[in-house]
Amino acid sequence: MSFVVVDRTRSPFLRDAETFYLARLKPYTQTDWVVVKPEKASKSRPDEEIIRLEGESIIKRLPSPTHLTALDRTGRMYSSREFASRLEALYMQNNHLTFVTGGPLGLSSAVRDAAHESLSLSRMTLTHEMCRIFLLEQIYRAFTIIHGTKYHK
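Residues numbered from 1 in each chain as written. Predicted model: local features only at pLDDT ≥ 70, side-chain atom pairs only at ≥ 80, totals over all residues. Heavy atoms only, no water.

A. Fine view of the sheet that holds strand S1 (residues 2-6). On the basis of which strands lie adjacent, the open sheet formed by five strands has the order S2-S1-S4-S3-S5 and parallel pairing. Looking at strand neighbours, the two that pair on one side only are strand S2 (32-36) and strand S5 (117-119), the edges of this open sheet. Each strand axis lies, on average, 30° off the axis of its neighbour in the sheet, ignoring direction. Sheet topology places S1 next to S2; five bridges connect them, and they run parallel. For Val4, the partnering residue across the bridge sits in S2 and is Val34. Sheet strands touched by helix H3 (residues 80-93): strand S3 (67-76), strand S4 (97-101) and S5. Its angle to S4, the strand with the most contacts, is close to 130°. (Pairing = 2+ DSSP bridges. Helix = DSSP H or I, 4+ residues; strand = E, 2+ residues; numbered from the N terminus. Axes fitted to C-alpha atoms, helices over the stretch in contact; angles between N-to-C directions. Contact = heavy atoms within 4.5 Å.)

Here it is as structure tokens:
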């Protein structure tokens, strides 16, 4: 399983949470954390250009073959148990899964179009760094549901 993210996580407590959940995932799956360099924002640079360039960088860093899930506010929402069922089904059909989160401006249409599906974690707006933690926690929770361990109860 791979995670492709834009920019490093700057908040120490969020970095600690990433490390915590990535370590918890180790008994269930091998993970690869890929950080794409963000584009510099400026008043003279349109957001669309930044998103497009970050999208090009994301696409270059995607493993192949993989089942790509893009995190996007328009994506499908699941309960934790539904997500666990979906994750289990994806693993049965694919050798590799990749989850991609954009930067502060989101994902380019090219990345969304390349994705096999999109996932929304909430109808609320979350920071891109916080989305990573919620995603990791829900994937860990899904594995505990799949394997019948106590965390999810």
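B. Summary view of the side chain of Ser120. Take Ser120: it is sitting in the loop between S5 and helix H5 (128-147). Among the polar contacts listed, one links the side chain of Ser120 to the backbone oxygen of Ser122, at a separation of 3.0 Å. Those residues in contact with Ser120 that lie beyond four places of it in its chain are Asp72, Arg73, Gly75, Arg76 and Met77. (Polar contact = N/O pair within 3.5 Å; in protein donor to acceptor, adjacent residues only side chain to side chain.)

C. Inspection of empty space enclosed by the protein at higher detail. Tallying each qualifying case throughout the model produces one cavity of 30 Å³ or more. Considering only enclosed or pocket space, the largest cavity measures out at about 40 Å³ in volume. As for the largest cavity, its lining consists of Thr69, Tyr78, Phe83, Arg86, Leu87, Leu90, Phe99, Glu117, Ser118 and Leu119. Residue assignment for the lining of the largest cavity shows that the elements contributing at least two residues are H3 and S5. In terms of residue count, H3 provides more of the lining of the largest cavity than any other element does, four residues in total. By residue class, the composition of the lining of the largest cavity is six nonpolar, two polar and two charged. (1 Å grid on protein atoms, 1.4 Å probe; cavity = no way out; pocket = protein on both sides within 12 Å on 5 of 7 lines; lining within 4 Å. Points joined across faces, edges and corners; volume = space filled by probe spheres on them. Nonpolar A, V, L, I, M, F, W, Y, C, P; charged D, E, K, R; others polar.)

D. Region of the structure containing the environment of Ile58. Residue placement: Ile58 occurs in helix H2 (residues 47-61). Taking the C-alpha atoms as reference points, Ile58 and His147, 89 residues apart in sequence, are found 32 Å from one another. Contacts of Ile58, omitting those with residues within four sequence positions, involve Val4, Val6, Val36, Val100, Leu107 and Val111.

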